[in-house]
Every structure is written in structure tokens, then in C-alpha cells.
Amino acid sequence: MIKLDQFLKLQGWVSTGGQAKHLIQNGEVSVNGQVETRRGRKLNAGDVVELDDQAQQVSPAAMTPPVTPEGQDS
């Protein structure tokens, strides 16, 4: 699963967690047509996230954590 604030960053809609927190807590983000004010809301594949005039369906690929190449710290 991916959290709502992480999804906003992954989409490039915000550049920091603080920006995501602000937008979510102000009721500017909706999930599946419902305003969502919990930044830790866990998203599932198929959920639709909306911000302003942008909408994106959560894909199964977004549910997989990024892989760090061996020998590098994350």
C-alpha cells in the first residue's frame, strides 16, 4: 500500500511532505470522490486521487516500494 501523502509526491503534484500535509488537511484532495483529510490514508490499486483539475488512478506499480540498488544506502 501507499499513503496518500506519498502518492502526491510520487505523482509530482507536491515536492515535499509538508506541502502534501497542507493540501490534504485543507480538504483540497479527494479519494474516490470523497474529500480526504488524513494524509496517512492508505490507498489501494484502483483508487482515484484528485487534486485541483488533476486526477490519477492508483496503479499496482505505485503500490511497490522503490528498489535501492545493492551497495547504496536509501
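Residues numbered from 1 in each chain as written. Predicted model: local features only at pLDDT ≥ 70, side-chain atom pairs only at ≥ 80, totals over all residues. Heavy atoms only, no water.

Per an unreviewed UniProt entry, the protein is named RNA-binding S4 domain-containing protein, and its organism is Lyngbya confervoides BDU141951.

Novice: Explain the sheet that holds strand 3 (residues 34–35) to me, please; I cannot follow it from the model alone.
Specialist: Paired through their backbone hydrogen bonds, the strands of a sheet run either parallel or antiparallel. Here we have four strands laid out as an open sheet, ordered 3-2-5-6, and antiparallel in their pairing. Since the sheet does not close on itself, it has two edges, and those belong to strand 3 and strand 6 (54–57), each with one partner. Across three bridges, the pairing between strand 2 (residues 29–31) and strand 5 (residues 48–51) is antiparallel. Directly across from V31, in strand 5, lies its bridge partner V49. (Pairing = 2+ DSSP bridges. Helix = DSSP H or I, 4+ residues; strand = E, 2+ residues; numbered from the N terminus.)

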